[in-house]
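Below are the chains, spelled out letter by letter.
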Amino acid sequence: MGTPTNEPAAFSTERLDLLPLRPAYAEEMARVLSDPGLHTFIGGSPASVDELRSRYTRQAAGSPDPAVTWWNWVIRLRTEGVLAGTVQATVQGPVAEIAWVVGTPWQGRGIAKEAAAGLVELLGEVPGVRDVIAHIHPDHAASAAVAGAVGLGPTGQWQDGEARWRWSPPHGAAA
């Protein structure tokens, strides 16, 4: 994949297309993320279309810090032609911090696992990335299951009340 740039490449998995985040997705994503229960562990509350459009505009423009790369994708279910969530990676030096969210109607179908696995695989090919981490609320069993399924393991470290999970590429990959 090469050195991180502001514009992430689209990529696909067996059932999903992961498309670079665009402000144009705000209207559909506002519906995807509209369940207040979805925000129990991620914080906040459902955003309006305008709030998401503004956020997506900032995110798509990239990090204001040249040492940090923001990559954000929407998750599109290929067979249904609908958006179902997002995945993201913040890359700083050898560390990529990832996160995922799947809308309530699409949970329990392995979408988060498939999207996160594709993201971890992609990041394993980025030169210089040696660690992929995620921060997971200790009561969020579904996210812990996703992290474990894609090869991240708990480190015993905590940040802002969330457990740090970590994956490192196999020896010799992405050195």
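Please read these numbers as outputs of a predicted model, since none were measured by experiment. (Residues numbered from 1 in each chain as written. Predicted model: local features only at pLDDT ≥ 70, side-chain atom pairs only at ≥ 80, totals over all residues. Heavy atoms only, no water.)

Counting 49 residues, the largest nonpolar core has Ile98, Trp100 and Leu123 as its most contacted members. In terms of residue count, the dominant contributor to this core is helix H4 (residues 111–124) (8 residues). Other than its neighbours up to four places away in sequence, Leu123 contacts Trp71, Ala89, Val91, Ala96, Ile98, Val129 and Val132. (Core = buried A, V, L, I, M, F, W, Y, C linked by side-chain atoms within 4.5 Å. Buried < 20%, exposed > 50% of the residue type's maximum accessible area, 1.4 Å probe, protein only. Helix = DSSP H or I, 4+ residues; strand = E, 2+ residues; numbered from the N terminus. Contact = heavy atoms within 4.5 Å.)

In this section: the layout of surface pockets. Its volume calculated, the largest pocket comes out at about 1200 Å³. Every residue lining the largest pocket is counted, 45 residues in all, and those nearest its centre are Ile42, Ala99, Trp100, Val101 and Val102. When contributions to the lining of the largest pocket are tallied by element, the ones reaching two or more residues are helix H2 (39–42), helix H3 (49–61), strand E3 (68–77), strand E4 (82–92), strand E5 (95–102), H4, strand E6 (131–136) and helix H5 (141–149). Top element by residues in the lining of the largest pocket is E5. It accounts for 6 residues. Residues belonging to the lining of the largest pocket are distributed by class as follows: 22 nonpolar, 17 polar and 6 charged. (1 Å grid on protein atoms, 1.4 Å probe; cavity = no way out; pocket = protein on both sides within 12 Å on 5 of 7 lines; lining within 4 Å. Points joined across faces, edges and corners; volume = space filled by probe spheres on them. Nonpolar A, V, L, I, M, F, W, Y, C, P; charged D, E, K, R; others polar.)

Glancing now at the pattern of salt bridges. In this structure the tally under the stated criterion is 7 salt bridges. Arg78 is the partner of Asp17 in a salt bridge, and the nearest nitrogen-oxygen pair spans 3.1 Å. Linking Asp17 in strand E2 (residues 16–20) with Arg78 in the loop between E3 and E4, this pair joins segments that are 61 residues apart in sequence. Within this structure, Asp17, Arg76 and Arg78 form a network of salt bridges that share partners. (Salt bridge = Lys/Arg side-chain N within 4 Å of Asp/Glu carboxyl O.)

In this structure the tally under the stated criterion is 2 aromatic pairs. A ring pair is formed by Phe11 and Trp73, whose centres lie 5.4 Å apart and whose planes are at 85°; its orientation type is edge-to-face. Of this pair, Phe11 sits in strand E1 (residues 11–12) while Trp73 sits in strand E3, and the two are 62 residues apart along the sequence. In this structure Trp73 comes out as buried when scored by relative accessible area, which is 0%. (Phe/Tyr/Trp six-rings, centres within 6.5 Å; stacked < 30°, edge-to-face > 60°.)

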